[in-house]
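Chains, contacts and geometry: an overview
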There are 2 protein chains.
Amino acid sequence: MTRAIQTFTKYLNSKDLKLTKERKAVLQEIFLHKGHLEAEDILHSLRRKKKRASRATVYRTLDLLVDSGMVRKVDLGHGHSHYEHVLGHTHHEHMICLKCGKVIEFSDKEIERSLKQMCKKTEFKLTSHHLQVFGYCRDCR
Amino acid sequence: MTRAIQTFTKYLNSKDLKLTKERKAVLQEIFLHKGHLEAEDILHSLRRKKKRASRATVYRTLDLLVDSGMVRKVDLGHGHSHYEHVLGHTHHEHMICLKCGKVIEFSDKEIERSLKQMCKKTEFKLTSHHLQVFGYCRDCR
DNA sequence: CTTCTTGCAAACCATTTGCATCATT
DNA sequence: AATGATGCAAATGGTTTGCAAGAAG
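Residues numbered from 1 in each chain as written. Chains lettered and ligands numbered in written order. Predicted model: local features only at pLDDT ≥ 70, side-chain atom pairs only at ≥ 80, totals over all residues. Heavy atoms only, no water.

1. Some thoughts on the confidence of the model for chain A
Chain-level statistics for chain A give a pLDDT mean of 92 and a share of 99% at 70 or above. For chain A, per-element mean pLDDT is lowest for strand β5 (residues 125–136) of chain A, which scores 85, and highest for helix α4 (residues 55–68) of chain A, which scores 97. (pLDDT = per-residue confidence, 0-100. Helix = DSSP H or I, 4+ residues; strand = E, 2+ residues; numbered from the N terminus.)

2. A short note on the protein's contact with DNA strand D
Taken together, 18 residues are adjacent to DNA strand D, and Lys18, Arg23, Ser54 and Thr57 of chain A together with Tyr59 of chain B come closest. In this structure, arginine 23 of chain A approaches DNA strand D through a side-chain N or O atom, which is 2.7 Å from a phosphate oxygen. At a separation of 2.8 Å, a phosphate oxygen of DNA strand D approaches a polar backbone atom of serine 81 of chain B. Looking at the surface near DNA strand D, the elements with two or more residues in it are α2 (21–32) and α4 of chain A together with α4 (55–68) of chain B. (Near = heavy atom within 4 Å. Polar contact = N/O pair within 3.5 Å; in protein donor to acceptor, adjacent residues only side chain to side chain.)

3. Focus on the relation of the copies chain A and chain B
When chain A is fitted to chain B, the residual RMSD is 0.2 Å, and the transformation amounts to a turn of 179° plus an axial shift of 0.0 Å. Put plainly, the chains are arranged around a two-fold axis. Minimal C-alpha separation from the rotation axis in chain A is found for glutamine 132 of chain A, amounting to 2.5 Å. The overlap is high: 97% of the interface residues of chain A also sit at the interface in chain B, so the same surface is used on both sides. (Least-squares fit on C-alpha atoms with pLDDT ≥ 70 in both. Contact = heavy atoms within 4.5 Å.)

4. Let's talk about the interface of chain A and chain B
Between chain A and chain B, the residue contacts involve 33 residues of the former and 32 residues of the latter. In total, about 2900 Å² of surface goes out of reach between chain A and chain B, with carbon and sulfur atoms giving 64% of it. Together, Glu123, Phe124 and Phe134 of chain A form the three largest contributors to the area buried by chain A at its contact with chain B, with a combined 21%. Between the two partners, chain A and chain B, sit 2 salt bridges. (Buried area = accessible area lost by both parts, 1.4 Å probe. Salt bridge = Lys/Arg side-chain N within 4 Å of Asp/Glu carboxyl O.)

5. Observations regarding the packing of aromatic side chains
Residues and elements named next belong to chain A. Overall, the coordinates contain 2 aromatic pairs over all chains when judged by the stated rule. With a centroid separation of 6.3 Å and an interplanar angle of 5°, the aromatic rings of phenylalanine 8 and tyrosine 11 are classed as stacked. Of this pair, phenylalanine 8 and tyrosine 11 both sit in helix α1 (residues 2–14), 3 residues apart, roughly one helical turn. On the accessibility criterion, phenylalanine 8 (0% relative accessible area) is buried. (Phe/Tyr/Trp six-rings, centres within 6.5 Å; stacked < 30°, edge-to-face > 60°. Buried < 20%, exposed > 50% of the residue type's maximum accessible area, 1.4 Å probe, protein only.)

6. What about empty space enclosed by the protein?
This model, assessed by the stated rule, comprises 1 cavity of 30 Å³ or more. Computed from the structure, the largest cavity encloses a volume of approximately 40 Å³. Looking at the largest cavity, the residues that line it are Asp75, Leu76, Gly77, Gln132 and Phe134 of chain A together with Asp75, Gln132 and Phe134 of chain B. At the level of secondary structure, the elements contributing two or more residues to the lining of the largest cavity comprise β5 of chain A together with β5 (125–136) of chain B. (1 Å grid on protein atoms, 1.4 Å probe; cavity = no way out; pocket = protein on both sides within 12 Å on 5 of 7 lines; lining within 4 Å. Points joined across faces, edges and corners; volume = space filled by probe spheres on them.)

7. Observations concerning the packing of helix α1 (residues 2–14) of chain B against helix α2 (residues 21–32) of chain B
Residues and elements named next belong to chain B. α2 packs onto α1 with a crossing angle of 135° between their chain directions and a minimal axis gap of 11 Å. When the interaxial angle is binned, α1 and α2 end up oblique. Taken as a pair, α1 and α2 cross one another with a handedness that is right-handed. Judged by residue contacts, Ala4, Ile5, Phe8 and Leu12 of α1 engage Arg23, Lys24, Leu27, Gln28 and Phe31 from α2. Within the contact of α1 with α2, the residues separate by chemical class into 6 nonpolar, 1 polar and 2 charged. (Axes fitted to C-alpha atoms, helices over the stretch in contact; angles between N-to-C directions. Parallel < 35°, antiparallel > 145°, perpendicular 65-115°, else oblique. Left-handed = near helix turned anticlockwise from the far one by under 90°. Nonpolar A, V, L, I, M, F, W, Y, C, P; charged D, E, K, R; others polar.)

8. A look at the protein's contact with DNA strand C
Surrounding DNA strand C, one finds 20 residues, the nearest of these being Lys21 and Tyr59 of chain A together with Leu17, Lys18 and Thr57 of chain B. Within 4 Å of the protein, the atoms of DNA strand C are drawn from sugar and phosphate moieties in a proportion of 71%. One of the backbone N or O atoms of serine 54 of chain B is found 2.8 Å from a phosphate oxygen in DNA strand C. Threonine 57 of chain B is positioned with one of its side-chain polar atoms (N or O) 2.5 Å from a phosphate oxygen of DNA strand C. Of all the secondary-structure elements, those providing two or more residues to the surface near DNA strand C are α4 of chain A together with α2 and α4 of chain B. When residues of the surface near DNA strand C are assigned to their parent elements, the largest contribution, 4 residues, is made by α4 of chain A. Of the residues belonging to the surface near DNA strand C, the class tally is 6 nonpolar, 5 polar and 9 charged.

Here it is, written out as structure tokens:
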């Protein structure tokens, strides 16, 4: 956590931006949660804890966090964005159920390998979060 | 094309829905195009051809086509949906450039294989369009 | 003729933005 | 004190919806 704040501060400084209590609160909220969460989740969590931060500020801070590389923005096909932190979160991909919207995290060596090979051929550069699989989960198939 | 109309008519009948000229026009527009296109594209194409169909009808028809399984709705991370027809369109997946938004279609036996195997393990049922890869294309890497 | 469809405009929902006020460095 | 940041409310952009008028079976 302290580490996260340090990293963020460094990023902010490099851009001549300031570490405000609102930004710190949003950062903490994201790093406290394990999974992916949406802007509204953060807003609610903060409200519950009687911390301040308007919806606009939450969105603005999320943009900064994504830009800093500490957080990734994920589109899980739910019609709005989700965010998850990268630090201390082991690499994984998402399997998304088209019916119930459930998101299953997975990581598969085989797939990684063939994906990397294909990307080498096509000169496509993968990102840390690079893959999404759509289908129907056990309960919805 | 005639085949597509037949299939759609069959679907509509099964749901006690009617084949209107607007629905037929939208269907044709999608099946005339090779790649993925968005609602607005369809609307413009129709306008250019002096065919009628309001934005609302285009969206409503697209929903029907997706439900019928003839068309798939794809989220390419552009902030709005894209649609592409399934019939007579060889199976492929999408690689999406996070910077310029370019979409590269690909199909890779190796990946398919390991993906299928993993899905068997996790009891996840794949759809025809099941995979999306994010990264940076040759020009943006 | 009955039921389903359309077009329009208003509603929606997530996200962004302009601006006056406020806080950090 | 100066530069940035915040909150609010209004704007945006894609998509959906209620409703009166119109068409398909």
